Every structure is written in C-alpha cells, then in structure tokens.
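Reading the structure
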Amino acid sequence: MTGPLTGEVSVPGDKSISHRAVMFGALAKGDTRIRGFLNGADCLSTIDCFCRLGIEIESYPSYGSAPGDVLVHGRGLHGLSPSSVYIDHENCVELYTGNSGTTTRIMSGILSAQSFSSILSGDASDNRRPMKRVTDPLKEMGADISSLNEDGCAPLLIRGNNPLKGIVYSSPVASAQVKSAILCAGLYADGPVKVYEPALSRDHTERMLKMFGAYVFQGRENGRWYASVKPCGDLYAPQIIVPGDISSAAFLIAAALMIKGSDILIRSVGINPTRSGILTVLKEMGADITIENITSVAEPYADLRVRYSDLHGTVIEGGIIPSLIDELLVIAVIASAAEGATVIRDAAELKVKESDRIALVTQNLQAMGADITATEDGFVINGPCRLHGAAIRTDGDHRIAMSFAVAGLAADGDTVIDAPACVSVSYPGFYDTIERLGGEAP
Ligand code: S3P
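Remember, predicted model here, so these are calculated numbers, not experimental data. (Residues numbered from 1 in each chain as written. Predicted model: local features only at pLDDT ≥ 70, side-chain atom pairs only at ≥ 80, totals over all residues. Heavy atoms only, no water.)

The next thing to look at is the overall build of the chain. Scanning the chain for helices and strands turns up twelve helices and 22 strands. In terms of overall dimensions, the chain is globule-like: its C-alpha atoms have a radius of gyration of 21 Å, near the 22 Å expected for 442 residues. Burial analysis of the chain (442 residues in total) assigns 61% to the buried set. Considering only residue pairs separated by 6 or more positions, the chain has 75% of its internal contacts joining residues 24 or more positions apart. Entry remark: accessible area of the chain is about 15,600 Å², with carbon and sulfur atoms responsible for 49%. (Helix = DSSP H or I, 4+ residues; strand = E, 2+ residues; numbered from the N terminus. Rg over C-alpha atoms; globule rule 2.2 N^0.38 Å. Buried < 20%, exposed > 50% of the residue type's maximum accessible area, 1.4 Å probe, protein only. Contact = heavy atoms within 4.5 Å. Areas by Shrake-Rupley, 256 points an atom, 1.4 Å probe, with all protein chains shown as cover.)

And the structure:
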C-alpha cells in the first residue's frame, strides 16, 4: 500500500473527442485547430489514416508550442485523396488502425462513401473485434464492405463509388462507434439517416457535427434513443477544445478513493452526461467527490475533488451501463474495497473490448485475493478485502494495465504488470502522474 495521494493534476484530452475532431476536421472546409488533443497511440492511428488520405495535419508539441495542439487542414467532404505510396496492387489504400476500435468503426462509415477503395486493418486485438455491427447497417445503405477473412472482423475491404441511401436503423447494441459510423456515412447519403439505440451511448459525434454545421437531431421516441443526420453540402471548421478524459481520470479517482488520507483535485475533466455514469455510481457507493467550476463549450467539463472514502457495494445495471462502460474495470477494483456486494449486469460488451475484460478483471482480481465471480454479463464482487500484490495479465489492454496499477497501489506487496507500456494507448504519462501525486508507480 502506497502513501496518500495528494495534489492537483490534469489528465490528457478525451480520446473519443480527439478522434472525432481529427475526422471531422479532415472532412471540413478550412483549418480545424484542436486544443488539448490526446497524443495517445489510438488517436495517432486516426491521424495516420488521414495523412495517408492526403490530409495535412500539424502537431504543435513537436514545434515546442502548447502541448496537445493539433491543426487539421481540412479538404471538404469530397477532398480525401489517397497517397499513391499506400495504394496496393488491387488499387486499395491501406489504412492501419492499430489498437483503435473507434478508428476502425467510424472510419468504415466515412470510407464507405468515398470514390476510392480501401482496406482497414488493425493490430491482433482490433482485428478480433466484431465489425458486423457496422458492416450490416452500412451495407443496408448501399456500401460495398466486407470482412476480408469472412469472420465478421477487420481487415475490412471497402469498395469505392457506391451511392449511399438514407436508412432508419435500430441498432441491437448501444454503441457510439456504430451510431457514429452510420451518421458519418449519412453525411453523404441521398436522404436522412436515423439510428435508434437501446440505451443512450456517448453523443460526442452529434455534438461535434452540430459544431461543424451539420443538421443533427437527437431525442427519445417510444422509450428508444435516436440520433439522425441530414446529408449536408459542407462541414465548416470550428475550433475544438478537448476536455480531460473522464475515462483516464477514473484511475486517479479510484486510487484516491482507495488509499487512506488521499485528497486530490483533477482539473478540467469532461462530464458529458453520456460519459459520467461513474460519478453517479461512486457517489451512490459513498464516495466523497465534489464537482467544481462547471463550464461548457459544446462539451461540459469541471474540476473533480476526490477524497479517500469508506464505500459500500451497489448494483450497476441497465441504461447507465453505456455511460461507464470503459470504467467498469476500475469500478470492479474499487468494489473490492467496498463493504458488501457490488453486482454489475448488462455489460456483456466488456467481452469484446480490447480484451475479454470480464475474464481478465476476474482472473487478476482473484490473483490479488478479491472475492469476485464472473457472470455472463458482468461480475459479482464481495468486499471489503485486503488486496495483495500479484502478477497481472493485461493482454496488452491499456485499461486493464491502469486498473491493476491502481489495485497495486492499494495492495500489500508488489504488483507486476506484464505490459505496463500499453497505457500509452489512451494515457501517456499515467505513471508520472501517479508519482507526482505521491504514489509509487509499478
Ligand atoms: C467509444 C465508444 C465506446 C467505448 C470506446 C470509445 C467512442 O465503444 O467503449 O472506448 O469513442 O465512440 P462502443 O461504441 O463499442 O460502445
């Protein structure tokens, strides 16, 4: 167990918002300046894809100006033009999306509408993730998109020059990546697209497309959430301010709640209601978290003050799940320190993230001495328990690594994470921040 965490920090920019700012900036007319861009590996994959598509992108850290400033020189909705260096013998531009499911899925919507053909492929983890959820609706719109290995996963082959039509689509999963892929393709369709989802997923695409001048509508009808977009002539570049990523802040929040005497302030964290389920749940568990200085520029953000707290178990299920899907791992870690049972349900999506997160969280927390049982769609954790150090298996999943770095801070003895560097996917500098707050990074 490390000493208390104290002090003030900020976290890197929001990953979801950073991806979208580059994508829409590339498709807009004019220059989009992105302040607070996340220089994590996932968002750099998105930048790399657009560079291969002829978009000029300047990154200011490399020129010594404010960290995380990016300038995208947009070329308009029809301005993507693949660089010949990346075109294969079948005349497809090859795009590499690394570990980023968000890049693969949202790009598949954009690429379906282009006049050129492309192949989208990621790393071994990304190429195992289900893609039928985007290829089905895109095919319904008229796209020619297929899984190269016919296994429903990337690599995806997307043939160009297929006119797209507007559709009304009921998504079986509450997924912002699916919704965003369809909305992006909808910008090019012959009529509006409307996507219904069973629970509300993060709405960064809707908010940002509005900022770029698109006609976007969001609402609720007969108990279902929808988002729709009308095809548009042009997008226009605004300035984007990226708030701190609440999914990254979650690890610092967890550490402060679990380590006696901790008291930290995390500045400028995005608190979009479709992302901030973790704050609702932790407060329900007895967490001492105050939300200060709420501000809003397209996306709301605030400072979060977090102090060590005695916590109790809770039930997390239903419509709140999409708003904390990426935080459920670290919530499971926190639950091991809470009095009584915490039950997490309706989260089967965790199995198809960067790793099988239900299996890995269960295996790793059990190795540390916690009482946790995996279920079909979540976990049951009985606390409190005193964690002890263990060897942690991550399968290269950044959020598993950070969740168990936090568990390691709260545990007795040493915790060894098998691939600690994978945190750079979403949180470069994570271990430095822990050390600045007074913790001992693994
Ligand atoms: C994301 C949506 C979520 C989330 C992922 C980022 C996005 O995935 O888990 O980390 O930026 O749209 P799903 O759309 O698969 O739920």
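Anyway, onward from the coordinates.
Among the 14 residues in the neighbourhood of the ligand, the closest are listed as S16, R20, S175, D326 and K353. A176 places a main-chain nitrogen or oxygen 3.0 Å from an oxygen atom of the ligand. Notes on the ligand: free accessible area 380 Å², of which the protein chains cover 95%. Mapped onto the shell around the ligand, the elements with two or more residues apiece are α1 (15-27), α3 (101-111) and α5 (176-186). Residue-level mapping places the shell around the ligand at the junction of two domains, with at least three residues from each of domain 1 (15-209) and domain 2 (243-436). (Near = heavy atom within 4 Å. Polar contact = N/O pair within 3.5 Å; in protein donor to acceptor, adjacent residues only side chain to side chain. Domains from an automatic or database assignment.)

A word on the sheet that holds strand β9 (residues 168-170). The strand order across the open sheet formed by four strands is β9-β10-β12-β11, and the pairing between neighbours is mixed. Lying at the two open borders of the sheet, with one neighbouring strand each, are β9 and β11 (216-221). When strand polarity is set aside, the average angle formed by the axes of neighbouring strands in this sheet is 20°. Pairing of strand β10 (residues 193-197) with strand β12 (residues 224-229) involves five bridges; the strand directions are antiparallel. Paired with K194 across the two strands is S228, which belongs to β12. Its contacts with the sheet put α5 on β9, β10 and β12, and the angle it makes with β10 is roughly 170°. Across the sheet, helix α6 (residues 204-211) is in contact with β11 and β12; its angle to β11 comes to roughly 145°. (Pairing = 2+ DSSP bridges. Axes fitted to C-alpha atoms, helices over the stretch in contact; angles between N-to-C directions.)

All right, on to the sheet that holds strand β18 (residues 340-344) then. Ordered in space as β17-β18-β20-β19, the four strands form an open sheet in which the pairing is mixed. The open sheet has two edge strands with one neighbour each: β17 (315-316) and β19 (371-375). Sheet analysis places β18 next to strand β20 (residues 378-383), joined by five bridges and oriented antiparallel. Along β20, the bridge assignment pairs A341 with N382. In the packing of helix α9 (residues 328-335) onto the sheet, the strands contacted are β17, β18 and β20, and the crossing angle to β20 comes to about 20°.

With that out of the way, let us pick up unusual backbone geometry. In this model, A154 is joined to P155 through a cis peptide bond whose omega is 0°. Mapped onto the fold, P155 is located in the loop between β7 (144-147) and β8 (156-159). In this model, G383 is joined to P384 through a cis peptide bond whose omega is 0°. By the element assignment, P384 lies in the loop between β20 and β21 (391-392). Look at N161: it is not a glycine, yet its phi comes out positive at around 65°. Inspection of the secondary structure puts N161 in the loop between β8 and β9. For N161, a relative accessible area of 59% gives the class exposed. Even without being a glycine, N293 presents a positive backbone phi close to 55°. Of note, N293 is situated in strand β15 (residues 288-297).

Turning our attention to the packing of aromatic side chains. One pass over the structure, following the stated rule, counts five aromatic pairs. The interplanar angle of 75° and the centroid separation of 6.1 Å between the aromatic rings of F251 and F430 together place this pair among those described as edge-to-face. Pair noted here: F251 is in helix α7 (residues 246-258) and F430 is in helix α12 (residues 430-436), with a separation of 179 residues, a long-range link. Among the aromatic residues, those joined into a ring-pair cluster are F251, Y427, F430 and Y431. One residue, K194, lies across the ring of Y226, its end atom 4.5 Å from the ring centre. When the ring centre of Y196 is taken as reference, the NZ or CZ atom of R224 above it lies at 4.0 Å. (Phe/Tyr/Trp six-rings, centres within 6.5 Å; stacked < 30°, edge-to-face > 60°. Lys NZ or Arg CZ within 6 Å of the ring centre and 35° of its normal.)

The subject of this paragraph is the nonpolar core. Counting 76 residues, the largest nonpolar core has L252, I253, L328 and F430 as its most contacted members. Broken down by element, the residue count for this core peaks at eleven residues, all from α7. Apart from the residues lying within four places of it in its own chain, the contact partners of L252 are V9, V11, I264, I266, Y427, F430, T433, I434 and L437. Counting 66 residues, the second largest nonpolar core, distinct from the first, contains M23, L80, L95 and V173. (Core = buried A, V, L, I, M, F, W, Y, C linked by side-chain atoms within 4.5 Å.)

What follows is about the side chain of S201. Take S201: it is sitting in the loop between β10 and α6. Here S201 falls in the buried class, since its relative accessible area comes to 2%. Only 3.3 Å separates the side chain of S201 from the backbone nitrogen of A176, close enough to count as a polar contact. Among all residues touching S201, those that are not within four sequence positions of it are A174, S175, A176, K179, T274 and P322.

Given a rise of 1.5 Å per residue, 13 residues ought to cover 18 Å, and the 19 Å separating the end C-alpha atoms of α1 matches this to within 8%. The element α1 is largely enclosed, with a buried count of 13 among its 13 residues. One side-chain oxygen at the N-terminal end of α1 lies 2.9 Å from the backbone nitrogen of S16; it belongs to D14. (Expected span 1.5 Å × (residues − 1).)

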